[in-house]
Amino acid sequence: MSIDVSNTPDMYKVYTSGRFTFNTKCRVRNTPDMSDPGIVTYQIGESVNYDSKVKNGNHFWLSYMSNSGQRHYVPYANTDKETYFGSDSNPGNPIRPANSNTSDGNATDHPGHLLGTLTDQAGADVADQTPDGTLLVMKGSFTFDEPARGRDRTNMTTANKVDRFLSSQTVYYNAKIKADGHYWFRYIHTSGATYYVPYATIEPFRYYGTDHNPGDPVLTQDSSGSISTGGSDGDSGDVNSGNTISEGNRPQGGQDTGYPTFQSQTTDFDIANNYMPAHGKATLVDNGAWSRNQPYMSATKLTHYAKGSTVTYTGKLHSDGRIWCIVNGQYLPIGKLSTPIHELFGPKDGMKHHHSKFSYTEDTNEHQPWSNIWPYTGEDANRDDRQNMLQHSSPRQELQPTSYESQELARVHDVVQSVSAPDAVTVGFITDTHFSSYNTPATARVLRQMKTFSYYAKHFGMDLMVHGGDLNDGVTEKKYEIEDVKRGMDALRLGQRPLLVAQGNHDDNSGYARDKDGYYPRNIITNTEVYPYRLGSFAHLLDTRGNTANRAAYGKYKIPNSKVNVILLDGFDQSDYYTTPVKLRRQFRHGWMHFSVQQQNWLRSTLNAIPNDEFALVVTHIMFKGLKFSKKNDFAEAPLDGTPAPGTLESENIRNILIDYNNRTNNLIAVMGGHTHHDDYSNQFGIHWIVSDCALSDRGDGKSNTLLHTKDEQAWDTLVINTSERKLHRIRYGRGKKKKQAYAF
């Protein structure tokens with residue numbers, strides 16, 4: 001491979017992550033300089049995870065942060081001799097690109113899949129090929145030539161303006177993001193909050209000042225104009241290429257995506273004196289009560305509400321051992337925090353309507369805002385929870401397996417090896433983790449389940465990691481729930497393998513908005529808001545590139561060097577626009593399923609385009625109307641005024657498209673789903689419809705007997721697809737009646 005560094009100055013740096021395995025002894029140094037005596041040597045066969053690359057002298061260098069927190073460098077290529085010292089999971093060198101246009105008007109080829117390589121108009125020319133939400137982690141400073149406004153999100157129109165920079169002022173940033181037609185800096189405000197400020201307009205291109213660490217958050221392109229994903233075998237891995245890939249004896253273990261970029265922060269909070277946004281009405285059914293100027297029983301009394309009075313509140317507070325409603329700026333006590341919540345039911349929209357009788361008050365909201373915050377959690381399905389405390393592990397630190405976890409990991413791997421054909425494709429499938437840092441010891445500890453899943457992917461190998469939806473529980477205020485999304489995604493990124501995450505009904509927090517905030521949408525996490533943290537992190541793997549009408553998470557991923565196409569569906573594909581308040585229960589994602597017409601048309605055309613000698617594995621959070629399982633799927637079958645709801649008819653259309661495809665090709669491997677928290681199976685229309693138990697220990701199969709700190713607290717699968725044998729093997733880690741199952745397709 002020719003190395004031309006004639007246009008590249010010393011200390012030119014690109015921010016890209018990967019894993020390098022050495023075939024030559026290489027010395028680790030404190031500086032990227034061969035005269036540095038060094039501190040330790042990488043031996044032949046050893047590997048290093050890096051987060052950036054540097055050109056200095058006549059060498060290319062890998063750069064990484066050591067466990068001690070020191071920045072280290074190790075050479076990986078001699079540019080004079082054009083010799084590499086091993087193999088790179090993410091090929092691409094720190095070479096400054098030439099002018100984006102050559103004299104004959106043809107685009108210049110750029111090497112690899114490197115963020116931060118391009119600047120100025122050269123980057124803007126290809127920015128439309130980079131998904132919105134692409135994150136480039138790098139530190140630096142930027143001095144503005146014109147005023148700019150800091151925002152709480154990377155959106156020029158909908159984000160709140162929360163900060164201001166004047167001309168000649170400087171921002172110190174920790175990352176760059178491409179979003180909403182602009183490049184943005186991410187930075188930490190003096191208040192400790194994370195904000196974003198645009199530093200360039202992409203079209204027409206214009207910087208707003210001077211960047212002291214240049215490099216924009218756009219992906220370089222290969223010579224065909226396709227975005228390169230840096231496949232370890234030199235293939236771009238482009239999901240849209242349509243090239244026929246020779247199968248042969250494909251490499252096992254999957255493509256290492258390199259050391260991950262993390263997004264999460266610390267998430268603990270104390271509910272004492274914490275304002276909770278909640279709309280509703282409370283009726284004093286047993287006694288009257290005084291409002292006060294402060295949320296303390298000893299505070300000054302202001303207004304007396306007689307027995308039978310109904311008040312409209314806009315928020316709630318926990319203080320002085322009581323729950324307080326915010327009524328016209330005053331604090332009205334409605335019950336003691338220790339009093340159990342009793343649910344009452346009545347008809348609404350053809351579904352059950354919830355409200356609670358709390359102490360001496362009848363409340364229109366089903367639960368109090370902290371009824372999902374430990375130790376005040378209203379539902380405690382797992383008897384083991386009360387014997388444990390909330391324990392928070394870091395989503396950024398790799399799992400250190402216990403002895404029983406190590407044994408179970410080894411058992412799964414042994415079974416996988418025993419059933420794998422030479423062309424085997426391995427797909428990890430975990431679903432319904434319902435991660436919450438606050439709800440129960442089990443919902444907090446499920447982060448460990450995801451880290452175990454990731455540990456297997458990284459150390460034993462998977463071609464693809466898939467989360468089937470309901471990543472987070474959706475039971476707390478939006479700002480805390482979004483942080484849990486980041487933590488859950490970070491735990492999954494530890495697997496260092498391609499990752500897809502389906503949308504579940506809990507993921508947008510609409511259950512909280514519905515049941516705790518009186519049908520007000522302010523606590524719903526919109527697809528646009530969560531895009532940088534969830535779909536935006538894997539949209540480049542999908543043929544849709546995340547460019548769907550509702551930012552819906554659907555698309556096709558072709559597993560490299562195989563005949564397996566993974567089809568990701570979004571069963572909650574609806575607009576993020578809501579009225580205030582929302583009028584009907586079915587208008588929430590946490591109400592009924594939806595598959596937009598666009599998604600239906602995409603699925604039909606995508607399946608029709610798959611070659612006849614290739615196969616499809618379909619992933620959906622929620623199964624479809626008209627399928628019979630041992631546990632009923634209410635979302636798919638729920639009526640509306642005695643007739644099928646619109647979403648259920650859309651679901652039936654998806655089912656029929658899949659049936660038509662399989663009738664024509666007989667190449668549908670299976671449809672994988674979750675949602676019901678129950679291992680279930682149906683074989684109808686000649687298709688395997690497989691539903692997996694939830695990964696969370698205090699829900700799902702055997703929840704009352706599942707203890708924490710045992711191997712059975714977990715439940716996730718490794719799927720082995722042998723296309724030459726036309727057989728799918730499903731191997732379970734953790735609890736489940738059947739540890740190994742096989743399905744012929």
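Here the residue numbers are simple positions, counted from 1 along each chain's written sequence. Only residues with pLDDT of at least 70 get local features here, since the model is predicted, and only at 80 or more are side-chain atom pairs given and counted; chain-wide, interface and lining totals rely on the full set of residues. Side-chain metrics in this entry use all non-hydrogen atoms of the structure; hydrogen atoms and water are not considered.

Asks: Quick question: what am I supposed to make of the overall build of the protein here?
Replies: Counting its secondary structure elements, the protein contains nine helices and 43 strands. Only protein chains enter the calculation, and the probe is 1.4 Å; a residue is then buried if its accessible area is under 20% of its type maximum, exposed if over 50%, and partly exposed in between. A total of 745 residues make up the protein; the buried ones form 60% of that total. Across the protein, every contact between residues at least 6 apart in sequence was considered, and the portion connecting residues at least 24 apart equals 67%. Helical segments are the DSSP runs of H or I of at least four residues, strand segments are the runs of E of at least two, and each set is numbered from the N terminus. Two residues form a contact once any of their heavy atoms are found within 4.5 Å.

Asks: What's the story with helix H9 (residues 646–665) in this structure? I'm lost.
Replies: Under the 1.5 Å per step criterion, the end-to-end length of H9 is 29 Å for 20 residues, consistent within 8% with the ideal 28 Å. Looking one or two residues beyond H9, the residue adopting positive phi is Asn666, at roughly 60°. Here, expected helix span is obtained from the residue count minus one, scaled by 1.5 Å.

Asks: Any chance you could explain the sheet that holds strand S5 (residues 47–50) here in plain terms?
Replies: Whether parallel or antiparallel, the strands of a sheet pair through hydrogen bonds between backbone atoms. DSSP calls a pair of strands paired once it identifies at least 2 bridges connecting them. Here we have three strands laid out as an open sheet, ordered S5-S2-S10, and antiparallel in their pairing. Edge positions in the sheet fall to S5 and strand S10 (86–88), since each has one partner strand and no second. Across this sheet, the average inter-strand angle for adjacent strands is 20°, counted without regard to direction. Alignment of strand S2 (residues 18–22) against S5, held across four bridges, turns out to be antiparallel. Residue pairing in the sheet places Arg19 in a bridge with Asn49 of S5. Angular values range over 0 to 180 degrees, each being the angle between N-to-C directions of two axes fitted as lines to C-alpha atoms, with helices fitted over their stretch in contact.

Asks: What am I meant to see in the side chain of Gln600 here?
Replies: Its location among the elements puts Gln600 in helix H7 (residues 597–609). From its side chain, Gln600 meets the backbone oxygen of Phe595 in a polar contact 2.9 Å long. Polar contacts, as used here, are pairs of N or O atoms within 3.5 Å; protein pairs need one atom able to donate a hydrogen and one able to accept it. Residues neighboring in sequence count only if both atoms are side-chain atoms.

Asks: How should I be thinking about the pairing of strand S42 (residues 727–734) in this particular structure?
Replies: Across a regular strand the side chains alternate sides, sitting on one face of the sheet and then on the other. Here S42 lies mainly inside the structure; seven of its eight residues are buried. Count of turn residues in the strand S41 (residues 715–722)/S42 antiparallel hairpin: four residues, of which Arg726 carries a positive phi of about 50°. Hairpin remark: S42 followed by strand S43 (residues 740–744), antiparallel, with five residues in the connecting loop; positive phi at Gly736, about 145°.

Asks: I'm lost on the packing of aromatic side chains in this one. Help?
Replies: Two measures describe an aromatic ring pair: the distance that separates the ring centres and the angle between the ring planes. Centres within 6.5 Å are what make two rings of Phe, Tyr or Trp a pair, Trp counting through its six-membered ring; a difference in plane orientation under 30 degrees is then read as stacked, over 60 as edge-to-face, and the rest as tilted. On inspection of all chains with the given rule, the structure shows 30 aromatic pairs. Judged by centre distance (4.7 Å) and plane angle (80°), the rings of Phe205 and Tyr207 are edge-to-face. Phe205 gets classed as buried once you look at its relative accessible area, which sits at 18%. Taken together, Phe142, Phe144, Phe165, Tyr173, Tyr183, Phe185, Tyr187, Tyr195, Tyr199, Phe205 and Tyr207 form an aromatic cluster joined through their ring pairs. Here, over-ring charges are defined by two tests on the NZ atom of lysine or the CZ atom of arginine: distance to the ring centre within 6 Å, and angle to the ring normal within 35 degrees. Above the plane of the ring of Tyr533 lies Lys486, whose end atom (NZ or CZ) is 4.6 Å from the centre.

Asks: Could you clarify how one ought to interpret the pattern of salt bridges in this entry?
Replies: Side-chain pairs of opposite charge can arise whenever the charged atoms involved come near each other. Put simply, a salt bridge is a Lys or Arg side-chain nitrogen that is within 4 Å of an Asp or Glu carboxyl oxygen. Taken as a whole and judged by the stated rule, the model has 29 salt bridges. Measuring nitrogen to oxygen at the nearest pair gives 2.8 Å for the salt bridge that ties Arg445 to Glu713. One end of the pair, Arg445, is in helix H3 (residues 441–459); the other, Glu713, is in the loop between strand S40 (687–691) and S41, and 268 residues separate them in sequence. With respect to burial, Arg445 and Glu713 carry one shared label: buried.

Asks: What is the right way to look at the nonpolar core in this model?
Replies: Generally speaking, soluble globular proteins have nonpolar side chains that are buried together. In this text, buried Ala, Val, Leu, Ile, Met, Phe, Trp, Tyr and Cys residues form a nonpolar core when linked through side-chain atoms within 4.5 Å. By size, the foremost hydrophobic cluster in this structure holds 75 residues, and its most contacted members are Val427, Leu500, Ile669, Ile721 and Leu728. When sequence neighbours within four positions are dropped, the list of residues in contact with Leu500 reads Leu464, Met465, Val466, His467, Phe538, Leu541, Leu542, Tyr557, Val566 and Leu568. If you look at the next biggest cluster of nonpolar residues, it comprises 30 residues, including Phe572, Trp602, Met623 and Val691.

Asks: Explain the sheet that holds strand S9 (residues 83–84) to me, please; I cannot follow it from the model alone.
Replies: Here we have five strands laid out as an open sheet, ordered S1-S6-S7-S8-S9, and antiparallel in their pairing. Only two strands of the sheet have a single neighbouring strand rather than two, namely strand S1 (12–14) and S9. Here two bridges tie strand S8 (residues 71–78) to S9, and the two strands are oriented antiparallel to one another. Across the sheet, the residue bridging to Ala77 is Tyr84, located in S9.

Asks: Whenever I open this one, the environment of Asn653 confuses me. Can you help?
Replies: Residue placement: Asn653 occurs in helix H9. A residue is classified by how much of its surface remains accessible, and Asn653, at 34% relative accessible area, is partly exposed. A C-alpha to C-alpha distance of 8.7 Å links Asn653 and Phe595, two positions 58 residues apart in sequence.

Asks: Hey, could you run me through unusual backbone geometry in this one?
Replies: Residue Glu203 is joined to Pro204 through a cis peptide bond whose omega torsion reads -5°. Turning to its location among the elements, Pro204 is positioned in the loop between strand S18 (194–201) and strand S19 (206–207). Note that the residue after Thr580, namely Pro581, is joined by a cis bond; omega there is -5°. Examined against the element boundaries, Pro581 turns out to sit in the loop between strand S34 (564–568) and H7. Within the chain, Asn328 stands out as a residue other than glycine whose phi angle is a positive 55°. If you trace the backbone, Asn328 turns up in the loop between strand S25 (322–327) and strand S26 (330–336). Within the chain, Asn561 stands out as a residue other than glycine whose phi angle is a positive 60°. Along the chain, Asn561 turns up in the loop between strand S33 (555–558) and S34. Owing to a relative accessible area of 14%, Asn561 belongs among the buried residues under this scheme.

Asks: Help me out: how do you make sense of the packing of H7 against H9 in this one?
Replies: Packed helix pairs are specified by the crossing angle of their axes together with the interaxial distance, meaning the distance between the axes. Interhelical geometry of H7 versus H9 gives an angle of 5° and a closest axis separation of 10 Å. Classified by the angle their axes make, H7 and H9 are roughly parallel. Contacts between H7 and H9 involve Gln600, Leu603, Arg604, Leu607 and Asn608 from the former and Glu650, Asn653, Ile654, Ile657, Leu658, Tyr661 and Arg664 from the latter. Taken together, the residues that form the contact of H7 with H9 break down as six nonpolar, three polar and three charged. Put simply, angles under 35 degrees are roughly parallel, angles over 145 are roughly antiparallel, angles from 65 to 115 are roughly perpendicular, and the rest are oblique. By the convention adopted, Pro, Cys, Tyr, Trp, Phe, Met, Ile, Leu, Val and Ala count as nonpolar, Lys, Arg, Asp and Glu as charged, and the other residues, Gly among them, as polar.

Without other data, these values stay purely geometric and don't point to any function.
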